[in-house]
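Here are the chains, one letter per residue:
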Amino acid sequence: MTDADEKLRWAERLKAQGWGYYRAAYTHGRQLWEHALTAFEQSEALFREVGTNTARAGLVGTLSGRATVLRSSGTPDAIRQALGLYEEEVALLRELGRHDDVPEALVNLALAHRDLMTVEPAETPGLAQAVGVCREALDGAKRTGDEGVQALALSTLADLCLVIAGIDTPDHRERHLKEALAFYGQAEKLWEGRDEDGRALARMGMAEAYIALGRNLEGARDFLTEVHRYYAEYAGAPVKGPVRYQMAQVKELEARILDAEGKPEEAAQAREEGRQNLDALGFRDD
């Protein structure tokens, strides 16, 4: 085995470790993101050092892995770095002729735009680009027949509708929220029987849209009860056990329902349960 082959082998192993650490952080704690970021950085350095076509192909998944950890940090500068990495991966996939993989990479790029607009409202000029990228991803996934990526693109479009609803004029807000519900509903149907994680996130999104509309609060509560049970008894890869990060998100949405019902004490209790979940994972700095 040549030195280059050995470096490629280690780069692939580090990439796999990075994704494992990243996913495990939502169950076992935020500190694993640091391990994930280090693994992705080392993997990227090795691939770039070797520099062959095989190495360039290996960067796929490493670039998006580092970008995903940076994006998850929630800081504007880190998310901007993530945007550049996602853009590089999209370009790389096209250069390699891996056109069937481009749609999912485009969704990742749209998600980074979404996150940046969430933490930096002044970045709203990127909104049109995010929607355009996401629709391009949806069209591409339809051409290839990849229903999983179609669902991911639809769910991301729904997320963007929620963002738009929060910044547009009040008379357009309801339309955006109804569009979000429609997109989440389509995504849920595509994910049914295929991806229970995606289905749970789509249901959480529908609950959020209903709460923002002030309608069907009982239906929203039913969705959240199911999602909370799913994450409390999580049996997916790479680790099993309560996924406290998503459980905290559910509790915040339940608190919004209780606020709308005029139950401030119960809402405060739900929020406290959510904070306890985040504290257990190290996701709160205050």
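Preceding this section is the structure that the text describes.
Residues numbered from 1 in each chain as written. Predicted model: local features only at pLDDT ≥ 70, side-chain atom pairs only at ≥ 80, totals over all residues. Heavy atoms only, no water.

Visitor: Would you mind going over the overall build of the protein with me for this structure?
Guide: The helix and strand tally for the protein stands at 13 helices and 0 strands. Each helix and strand of the protein, ordered N terminal to C terminal, gives the series α-α-α-α-α-α-α-α-α-α-α-α-α. For the protein, whose C-alpha radius of gyration is 20 Å, the value lies close to the compact-globule estimate of 19 Å for 286 residues. Principal-axis analysis of the C-alpha atoms gives the protein an extent of 70 × 40 × 40 Å. The 286 residues of the protein split such that 49% are buried. Long-range contacts, defined as pairs at least 24 residues apart, comprise 60% of the intrachain contacts of the protein with a sequence gap of at least 6. Taken as a whole, the protein presents about 13,700 Å² of accessible surface, with 49% of it coming from carbon and sulfur. Positive and negative side-chain charges in the protein, numbering 35 and 49 respectively, have mean positions lying 2 Å apart. (Helix = DSSP H or I, 4+ residues; strand = E, 2+ residues; numbered from the N terminus. Rg over C-alpha atoms; globule rule 2.2 N^0.38 Å. Buried < 20%, exposed > 50% of the residue type's maximum accessible area, 1.4 Å probe, protein only. Contact = heavy atoms within 4.5 Å. Areas by Shrake-Rupley, 256 points an atom, 1.4 Å probe, with all protein chains shown as cover. Lys, Arg positive; Asp, Glu negative; His and termini not counted. Charge placed at Lys NZ, Arg CZ, Asp CG, Glu CD.)

Visitor: Can you help me understand helix 12 (residues 244-260) in this one?
Guide: The end-to-end C-alpha distance of helix 12, which contains 17 residues, comes to 24 Å, matching closely the 24 Å that a straight helix rising 1.5 Å per residue would cover. Within helix 12 the residues assigned to the buried category are Q246, M247, A248, V250, K251, L253, E254, A255, I257 and L258. Structurally, helix 12 contributes buried residues whose contacts are with helix 1 (3-28), helix 10 (196-213), helix 11 (217-232) and helix 13 (264-281). Immediately downstream of helix 12, the backbone of G262 shows phi near 75°, a positive value. (Expected span 1.5 Å × (residues − 1).)

Visitor: I tried to follow the environment of G185 on my own but got confused; where do I start?
Guide: Within the element layout of this structure, G185 appears in helix 9 (residues 170-191). Sequence separation between G185 and E12 is 173 residues; the distance between their C-alpha atoms is 37 Å.

Visitor: Please clarify how the packing of aromatic side chains should be interpreted in this entry.
Guide: Within a pair of aromatic rings, the relevant descriptors are the distance that separates the centres and the angle that separates the planes. Taken as a whole and assessed by the stated rule, the structure comprises 9 aromatic pairs. On the numbers, 6.0 Å between centres and 90° between planes, the contact of W19 with Y22 is edge-to-face. On the criterion of helical spacing, the pair formed by W19 and Y22 is a turn pair, its members being 3 residues apart in helix 1. With respect to class, W19 is no different from Y22; both count as buried. Aromatic side chains Y26 and W33 sit 5.7 Å apart centroid to centroid with 75° between the ring planes, which places their arrangement in the edge-to-face category. Here Y26 falls in the buried class, since its relative accessible area comes to 14%. Clustering of aromatic rings is evident, with ring pairs tying together W19, Y22, Y26, W33, F40 and Y245. Just above the ring of W10 sits the side chain of R13; from NZ or CZ to the centre is 4.7 Å. (Phe/Tyr/Trp six-rings, centres within 6.5 Å; stacked < 30°, edge-to-face > 60°. Lys NZ or Arg CZ within 6 Å of the ring centre and 35° of its normal.)

Visitor: Is there a simple way to think about the side chain of S155 in this case?
Guide: On the secondary structure map, S155 appears in helix 8 (residues 147-167). On the basis of relative accessible area, S155 is assigned to the buried category, the value being 8%. Discounting chain neighbours no more than four positions away, the residues touching S155 are Y184, A187 and W191.

Visitor: I tried to follow the packing of helix 1 against helix 4 (residues 62-72) on my own but got confused; where do I start?
Guide: Axis angle and axis distance: for two packed helices, these are the angle between their axes and the distance between the axes, and together they describe the pair. The N-to-C vectors of helix 1 and helix 4 enclose an angle of 25°; their axes lie 10 Å apart at closest approach. Between helix 1 and helix 4, the interaxial angle falls into the category roughly parallel. Viewed along their axes, helix 1 and helix 4 form a crossing whose handedness is left-handed. In contact with K15, W19, Y22 and Y26 of helix 1, helix 4 contributes T62, S64, G65, T68, V69 and S72. Classifying every residue of the contact of helix 1 with helix 4 gives 4 nonpolar, 5 polar and 1 charged. (Axes fitted to C-alpha atoms, helices over the stretch in contact; angles between N-to-C directions. Parallel < 35°, antiparallel > 145°, perpendicular 65-115°, else oblique. Left-handed = near helix turned anticlockwise from the far one by under 90°. Nonpolar A, V, L, I, M, F, W, Y, C, P; charged D, E, K, R; others polar.)

Visitor: Just checking my understanding: could you explain the pattern of salt bridges for this structure?
Guide: Any two side chains of opposite charge can pair, so long as their charged atoms come close to each other. A complete count under the given rule lists 33 salt bridges for this structure. Close ionic contact of R94 with E136 constitutes a salt bridge, the shortest N to O distance being 2.8 Å. You can see R94 sitting in helix 5 (residues 76-95) and its partner E136 sitting in helix 7 (residues 126-144), a full 42 residues away along the chain. Its salt-bridge partner being R199, residue E188 comes within 3.9 Å of it at the nearest N-O pair. With E188 in helix 9 and R199 in helix 10, the pair connects residues that are 11 residues apart, well separated along the chain. Of the two residues, E188 and R199, both sit in the buried class. Among the ionic contacts, a cluster of salt bridges with common partners joins E188, E192, E196, R199, R203 and E226. (Salt bridge = Lys/Arg side-chain N within 4 Å of Asp/Glu carboxyl O.)

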